[in-house]
Amino acid sequence: MSEAKHKFAFYLGCIAPNRYPGCESASIKAMKKLGVELVPLKGASCCPAPGAFGSIDLNVFYAMAARNLVLAEQMKMDIALLCNGCYKSIWEVNHKLKHNQDLRDGVNEVLKEIDMEYKGTINVYHTAELLYNEKFIGVEKVRSSVTNPLTGARIAVHYGCHLTKPHKDREFENDVMLNTEHPSWMEELVAALGATPVEYRNKMQCCGAGGGVRGYDIVHALDIANEKLINLKNVGVDALTDICPFCQLQFDRGQIEIKEKFGVSYDLPVLHYAELLGLAQGMSPQDLGLDLHAISCEPFLQKVL
Amino acid sequence: MVRTKGYPEALEKKLRDQRYFNEDTNPEFTKNVKGISRTIAHMCYQCGTCTGSCPSAPRSTYRIRKFMRRAVLGLENESLTDPDLWLCTTCYSCTDRCPRDIAPTDVIMAMRNLAFKRDIIPVNFLKTVQAIYSSGHGVPNNDVNRAARERLGLTRDPPTTHMYPEYIKGIQKILDHYKLKANADRIVKEREG
Amino acid sequence: MAEKKKSTTKKTESKKETKHEAPAKQEAAQKAAPSGVSTTKTQEKARIGVFICHCGTNIAGSMDINAVQDYAKTIPNVAYVDNYKYMCSMPGQAVINKAIKDNKLTGVVVAACSPRLHEPTFRTATKEGGLNQFRFEMANIREQNSWVHMHDQEGSTEKAKDAIRIAVAKAGLLQDLFPKAVPVEHAAMVVGAGVAGMQAALDLANAGIKTYLIESQPTIGGRMSQLDKTFPTLDCSQCILTPKMVDVGRAANIELMTYSEVDAVEGYIGNFDVTVRKKARGVLTPAEAEARGIVGGGCNGCGDCEPVCPVVKPNEFEVGMKPRKAIYISHPQVVPLIYTIDWNSCIKCGLCVTACGPEKKAIDLEAKDELVKVKVGTAILATGYDMFPVEKKTEWGYKKYENVISSLEFERLICASGPTSGHLVRPSDGETPKRVAFVLCAGSRDNTGNGKPYCSRFCCMYSLKHAHQIYEKIPGVQAYLFYMDIRSFGKMYEEFYYRIQDEGAKFIRGRVANILEDPVTKNLHVHTDDTLLNRPVDMEVDLVVLAAAVQPKEDTNRTRKLFGVSCSMDGWLLEAHPKLNPCGTTTAGVFLAGVCQGPKDIPDTVASAEGAASAASIPIHKGEVELEPYFATCIEERCAGCGMCINLCPYSALALVEKDGRQVMQVTEAKCKGCGTCGGFCPGGAIWMNHFATPQIVAQIDAFLLGGEQ
């Protein structure tokens with residue numbers, strides 16, 4: 001389409017590029033169609049995983065996140081990312097370093113060893129934010145870009161935790177995104193694709209994977225996800241959409257693990273919003289790598305294609 | 001008496017005086033927790049909003065409110081040796097709703113940092129450190145994924161440290177600055193041999 | 001009204017005259033002072049007595065009193081120095097008394113606490129020693145020195161020396177001044193006619209004082225009218241309030257102005273000129289109708305207009321749960337019984353005019369606001385409170401989930417004269433709830449910035465009352481109170497708590513984290529932690545009542561500024577002293593009653609109203625009030641009559657008058673507040689600010705900058 005009005009350094013994280021590459025390719029293609037160019041960020045590492053690294057040593061957490069930020073500062077571009085966990089590391093550390101001299105000094109002391117310096121010159125956005133915020137794209141533009149509306153599909157939203165919580169430590173231009181109790185902005189984005197957004201009990205609950213719990217006590221983590229799956233089953237949905245590949249992993253691969261350990265099946269397809277957007281813009285399931293999902297997306301695809 | 005399993009140590013433990021004495025308090029612990037968490041942990045008035053919001057509480061003995069109480073009273077040993085410390089998913093619901101404007105999640109993270117200093121850490125965290133030290137990522141690439149990426153029109157390796165391993169050196173330097181790798185290796189060896 | 005000691009450092013010609021020699025200063029002061037201001041003692045050399053207070057260890061603990069005393073002896077014009085442990089005590093004052101007489105002192109300096117505390121005390125001591133009371137100057141070496149430099153002995157000692165030197169310099173130039181007595185208007189005003197305002201007005205009226213009772217709503221009664229029962233006696237609220245309302249309506253000394261607001265306030269204690277805006281009701285009272293020549297006309301409350309009005313709006317008195325018309329009364333017991341038109345919804349169809357009829361002719365659709373000026377001696381603010389908009393705390397789902405209601409809505413529902421005739425029903429389906437959750441501290445004790453940090457004081461008690469009321473009315477109901485603390489502080493309150501627990505209410509110690517709605521049944525799931533049982537709770541209930549925080553009424557901010565009253569950090573009106581003067585304000589003649597000063601239950605509200613009325617009646621009964629003589633005075637010999645100062649005065653206290661064939665400025669002393677604007681401005685140096693005269697201020701500056709160890 002037209003010349004991209006906005007350019008961002010695309011921070012990928014770990015799970016999307018290495019397990020659900022469809023999120024990555026869909027984001028790049030879909031955003032391009034909507035006037036946003038996502039440019040590769042060379043040499044990025046794990047954000048680092050806030051649950052894992054934050055638990056061990058917060059100093060390392062700040063330093064590693066700062067390193068990723070500096071890579072973008074060197075490119076003189078703002079960062080766009082597609083994962084809530086990465087948002088916590090990258091956006092929050094950027095915010096904290098901008099406002100706390102002591103943290104900044106601590107981080108730069110370490111970065112000096114690798115010839116890097118954090119300057120605080122860029123901003124960080126989640127792709128969901130870019131899609132919702134009219135300054136960049138906005139719901140209407142998303143709606144107009146849809147060529148294959150997902151009509152008839154009942155889709156529930158899993159907001160995840162780290163994008164919006166705690167709301168007092170977040171800044172969005174759209175104040176509605178600060179509502180952590182009953183938000184509906186993701187449902188608006190789902191409706192823009194032609195699908196029917198579905199509410200379910202306790203939709204804002206955590207997926208259970210964070211804080212290292214998925215690695216420490218998988219049964220505990222799965223029980224939390226299972227509670228959500230039960231609530232989803234009770235309202236009847238065709239798919240669950242998320243904006244965090246780690247939540248996606250927890251619900252997708254997690255259903256296999258839940259079947260193994262708890263003996264229950266849901267067969268609920270779980271798709272990142274980027275994948276849904278890709279489908280609605282006419283990308284094929286192969287193009288989106290949906291075959292890599294643990295839970296087959298077939299029943300959902302049959303409904304919408 | 002002899003019927004107590006693990007007698008005599010177990011009997012001693014069972015009959016020990018469990019009251020809270022002044023000696024149990026370590027004010028340094030409260031200070032350290034406040035310093036690392038950068039939140040006003042000492043202001044908790046035990047309202048219970050945090051535990052009421054917690055997804056882990058209904059399915060375990062984990063009580064964030066109890067950890068906050070321990071932070072206030074300086075009960076270092078209890079806090080750091082409690083296995084429930086590792087059940088927090090960092091969903092931040094408690095922080096979102098705390099009426100005293102405290103961040104209980106950050107208090108848990110601070111306690112975890114302090115526990116690590118004592119080598120108290122579940123091994124999965126250390127494995128993550130090792131993975132990142134060697135590849136820069138917590139999750140490795142694999143051939144199925146590479147093939148898929150190619151099919152999708154992406155590079156076989158993402159343009160991260162997977163494609164540019166020269167950047168891994170920088171990451172290793174950061175981890176070594178804090179001796180993280182050395183400690184992780186040591187503890188893993190101790191546990192798994 | 002007392003101006004704080006501020007130095008207006010405006011250079012005037014008199015600066016040239018001041019030298020460092022003290023006698024020269026005094027001559028200059030005499031030259032500069034306007035004729036008529038007594039500076040008799042300046043003929044003699046100034047002899048200042050310096051008295052240093054230890055204030056126990058408050059001052060003595062942070063500085064070296066002996067060093068300060070030794071230094072004071074070296075300051076020019078100092079004739080006597082002494083120190084004492086507690087200067088404000090009787091023996092302390094006796095020291096001053098004796099010293100004045102024995103040493104023929106011409107001025108007194110006390111180095112102690114803040115003049116806001118003891119200036120009157122020491123002025124009296126000075127007077128009793130035989131000097132004019134304004135020959136006294138205070139050096140604050142406590143609040144502004146020892147209390148803020150507790151760990152800097154050396155620094156605070158040096159600073160105290162400076163403070164005393166400065167004070168002595170001024171004391172040497174002080175003059176005899178005489179407070180001006182002004183008459184006090186034998187009338188008072190009470191703003192707000194809730195139970196606090198009504199009580200205060202009744203007390204003032206019974207004391208023989210004409211009282212203007214202003215109420216912004218169409219009826220008096222305030223919040224108490226909206227309540228069903230009152231704790232702990234379980235009296236019917238409107239039943240115990242109605243006699244007071246009727247008394248207010250009947251009292252000869254009370255001029256009731258309902259549907260009115262204060263528009264402007266001018267003047268000062270004893271002489272407030274208040275402009276009251278009588279909002280256009282659109283309906284004439286019998287008196288107003290008579291004044292227009294409609295004999296036997298005016299509204300008699302018959303209500304014929306109401307059925308024909310086509311416009312329906314939510315009734316604010318019923319918290320929007322019952323309809324009213326554009327022409328309405330809030331409830332059947334309003335005082336005065338006069339209908340009111342809501343101009344925002346009236347479509348001026350005129351049907352009510354027809355229904356009212358040609359005999360009463362009570363409706364005037366073209367009515368306009370009327371401004372009325374009244375003069376009062378003192379005023380009491382009793383503006384009450386509003387509920388905090390608890391929908392802001394989105395976790396509890398207020399205004400999102402139908403069956404989550406606020407405590408005020410509960411009051412109306414449970415009240416027999418309310419929208420459901422006293423039947424508690426669920427808004428979603430009209431069914432009677434069997435499980436009711438009461439959420440305490442909803443929006444109170446909240447430091448997130450989205451909520452109120454203070455405790456709203458009476459919600460624990462009314463939640464207990466609500467629990468009792470549902471046990472009384474709904475057999476088989478279960479009440480759950482989710483609390484952090486139960487604050488049952490008053491007389492018979494703890495016993496009430498005991499009773500409610502005995503009646504079966506369950507108390508769960510845990511602040512409600514969030515509430516979720518079952519979309520089918522519309523039941524609510526209340527989530528919290530039972531902190532005493534150490535178990536998280538998911539309680540399914542039929543109805544949730546939020547004991548929401550209270551906050552000052554929105555319009556209070558505008559009204560308080562008109563009277564010159566400050567508000568405290570929490571938004572409530574600021575009292576003169578939280579412990580010793582909770583009914584007064586720092587503005588002389590203005591008092592506070594009821595919840596506008598801070599959340600209170602009804603007993604405390606009535607008590608504060610009586611206190612405010614008592615305090616407000618004192619100046620009126622005395623008949624006159626003494627103003628501190630800090631006025632500006634015109635030095636006529638120097639006045640060029642240019643008139644530039646006239647418009648500068650914020651209090652319109654200055655005027656040009658003819659004297660001996662020329663124009664000179666004249667000060668209306670009663671209006672002058674001594675702010676110094678004119679004195680600082682006058683290009684001819686013709687304005688003398690009493691007690692803060694330019695030579696005095698300059699002497700202080702010189703003493704500070706040019707003085708030092710002698």
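Quick note: structure is the one above.
A brief look at the structure comes next. Predicted, not measured: the structure shown is a model, and the values here were computed from it. (Residues numbered from 1 in each chain as written. Chains lettered and ligands numbered in written order. Predicted model: local features only at pLDDT ≥ 70, side-chain atom pairs only at ≥ 80, totals over all residues. Heavy atoms only, no water.)

**A few points about the overall build of chain C**
Consideration 1: For chain C, the count of helices and strands is 19 helices and 34 strands.
Consideration 2: Looking at chain C residue by residue over its 710 residues, the buried ones come to 56%.
Consideration 3: Looking at chain C, you have 81 positive and 81 negative side-chain charges, and the mean spots of the two groups are 3 Å apart. (Helix = DSSP H or I, 4+ residues; strand = E, 2+ residues; numbered from the N terminus. Buried < 20%, exposed > 50% of the residue type's maximum accessible area, 1.4 Å probe, protein only. Lys, Arg positive; Asp, Glu negative; His and termini not counted. Charge placed at Lys NZ, Arg CZ, Asp CG, Glu CD.)

**Considering the pairing of strand β12 (residues 271-278) of chain C**
Side-chain direction in a regular strand flips from residue to residue, so the side chains alternate between the two faces of the sheet.
All names here are of chain C.
Consideration 1: Relative to β12, strand β11 (residues 260-268) is paired through eight bridges, and the arrangement is antiparallel. The partner of V262 across the bridge, within β12, is V276.
Consideration 2: Counted along the chain from β11 to the antiparallel partner β12, the turn is two residues long, and its residue G270 has a positive phi close to 90 degrees.
Consideration 3: Taken together, the seven bridges between β12 and strand β17 (residues 370-376) define a ladder with antiparallel strand orientation. Residue pairing for β17: T275 is matched across the bridge by K373. (Pairing = 2+ DSSP bridges.)

**Considerations on the state of the cysteines**
All names here are of chain C.
Consideration 1: This model, assessed by the stated rule, comprises one disulfide over all chains.
Consideration 2: Disulfide pairing places C236 opposite C239 at an S-S distance of 2.4 Å. Measuring handedness by torsion sign, the sulfur bridge of C236 and C239 sits at about 75 degrees and is right-handed.
Consideration 3: Residue C236 is classed as partly exposed on the basis of its relative accessible area, which comes to 28%.
Consideration 4: Cysteine C309 is unpaired, with the sulfur of C349 as its nearest cysteine sulfur at 6.2 Å.
Consideration 5: Left without a disulfide partner, C583 is nearest to the cysteine sulfur of C596, which lies 9.9 Å away.
Consideration 6: By relative accessible area, which is 14% here, C583 ends up buried. (Disulfide = S-S within 2.5 Å.)

**Topic: the environment of T383 of chain C**
All names here are of chain C.
Consideration 1: Here T383 shows up in the loop between β18 (378-381) and β19 (385-387).
Consideration 2: Take T383: its relative accessible area is 16%, and that puts it in the buried class.
Consideration 3: With residues near it in sequence (within four places) discarded, T383 still touches V191, K553, T556, L573 and C596.
Consideration 4: Within the local environment of T383, its side chain forms a polar contact with the side chain of T556, the two groups lying 3.3 Å apart. (Contact = heavy atoms within 4.5 Å. Polar contact = N/O pair within 3.5 Å; in protein donor to acceptor, adjacent residues only side chain to side chain.)

**Structural notes on the interface of chain B and chain A**
Consideration 1: Every contact between the two is made by 60 residues of chain B and, on the other side, 72 residues of chain A.
Consideration 2: Both sides together, the interface formed by chain B and chain A hides about 5,600 Å², and carbon and sulfur atoms give 61% of it.
Consideration 3: One can count seven salt bridges joining chain B with chain A.
Consideration 4: With a closest N to O distance of 2.4 Å, R59 of chain B and E227 of chain A form a salt bridge.
Consideration 5: Between the two partners, chain B and chain A, sit 34 residue pairs in polar contact (both at pLDDT 80 or more).
Consideration 6: Those elements giving two or more residues to the side of chain B that touches chain A turn out to be α6 (93-97), α7 (104-117), α8 (123-135), α9 (143-151) and α10 (168-177) of chain B.
Consideration 7: Ranked by the residues each element gives to the side of chain B that touches chain A, the list is headed by α10 of chain B, at six residues. (Buried area = accessible area lost by both parts, 1.4 Å probe. Salt bridge = Lys/Arg side-chain N within 4 Å of Asp/Glu carboxyl O.)

**Thoughts on the pattern of salt bridges**
Consideration 1: All told, the structure shown has 66 salt bridges over all chains when counted by the stated rule.
Consideration 2: With a shortest N-O distance of 2.9 Å, K210 of chain C and E255 of chain C are connected by a salt bridge. Placement of the pair is K210 of chain C in strand β7 (residues 210-214) and E255 of chain C in strand β10 (residues 254-257), with a sequence separation of 45 residues.
Consideration 3: According to the relative accessible area criterion, K210 of chain C is partly exposed, its value standing at 28%.
Consideration 4: Between D386 of chain C and R223 of chain C there is a salt bridge, with the nearest N and O atoms lying 2.8 Å from each other. Taken together, the residues span a long stretch of sequence, with D386 of chain C in strand β19 and R223 of chain C in the loop between β7 and β8 (229-230) at a distance of 163 residues.
Consideration 5: Among the ionic contacts, a cluster of salt bridges with common partners joins K88, E92, K96 and R170 of chain A.

**Notes on unusual backbone geometry**
Residues and elements named next belong to chain C.
Consideration 1: Cis geometry marks the peptide bond from F231 to P232; its omega dihedral reads -10 degrees.
Consideration 2: Relative to the helices and strands, P232 resides in the loop between β8 and β9 (235-236).
Consideration 3: Cis geometry marks the peptide bond from V335 to P336, where omega comes out at -5 degrees.
Consideration 4: Secondary-structure assignment places P336 in the loop between β15 (327-328) and β16 (340-341).
Consideration 5: Unlike most non-glycine residues, C55 shows phi in positive territory, near 50 degrees.
Consideration 6: Position of C55 relative to the elements: it lies in the loop between β1 (48-53) and α3 (65-74).
Consideration 7: When its relative accessible area of 15% is taken as the criterion, C55 is described as buried.
Consideration 8: Positive phi values are uncommon outside glycine, yet K361 reaches one of about 45 degrees.

**A short note on the pairing of strand β22 (residues 478-483) of chain C**
All names here are of chain C.
Consideration 1: Of all six residues in β22, five are buried; the element is thus mostly enclosed.
Consideration 2: Bridge count between strand β21 (residues 435-442) and β22: five bridges; the pairing is parallel. Residue pairing in the sheet places V439 in a bridge with F482 of β22.
Consideration 3: Read from β21 through helix α14 (residues 459-473) to β22, the crossover connection turns out right-handed.
Consideration 4: Taken together, the four bridges between β22 and strand β23 (residues 506-509) define a ladder with parallel strand orientation. Paired with F482 across the two strands is I508, which belongs to β23.
Consideration 5: Crossover connection from β22 via helix α15 (residues 493-502) to parallel β23: handedness right-handed. (Right-handed = clockwise from strand over helix to strand, strands pointing away.)

**Considering the sheet that holds strand β6 (residues 187-191) of chain C**
Residues and elements named next belong to chain C.
Consideration 1: Strand order in the open sheet formed by five strands is β10-β7-β6-β18-β29, with parallel pairing between adjacent strands. Because the sheet does not close on itself, it has two edges, and the strands there are β10 and β29 (590-592). Within the sheet, the average angular offset between the axes of one strand and its neighbour, ignoring direction, is 20 degrees. (Axes fitted to C-alpha atoms, helices over the stretch in contact; angles between N-to-C directions.)

**Quick notes on the sheet that holds strand β7 (residues 239-242) of chain A**
All names here are of chain A.
Consideration 1: Overall, parallel pairing links the four strands, which are arranged β6-β5-β7-β8 in an open sheet. With partners counted over all chains shown, the strands left at the sheet margins are β6 (196-198) and β8 (270-272), one partner each. When the angles between neighbouring strand axes are averaged without regard to direction, this sheet yields 40 degrees.
Consideration 2: Pairing analysis gives three bridges linking β7 to β8, with the strands arranged parallel. Note on β8: the bridge partner recorded for D242 is H272.
Consideration 3: Contacts from helix α9 (residues 185-192) reach β5 (154-158), β6 and β7 within the one sheet, and its direction differs from that of β5 by about 150 degrees.
Consideration 4: Running at roughly 85 degrees to β8, helix α13 (residues 273-280) makes contact with β5, β7 and β8 of the sheet.

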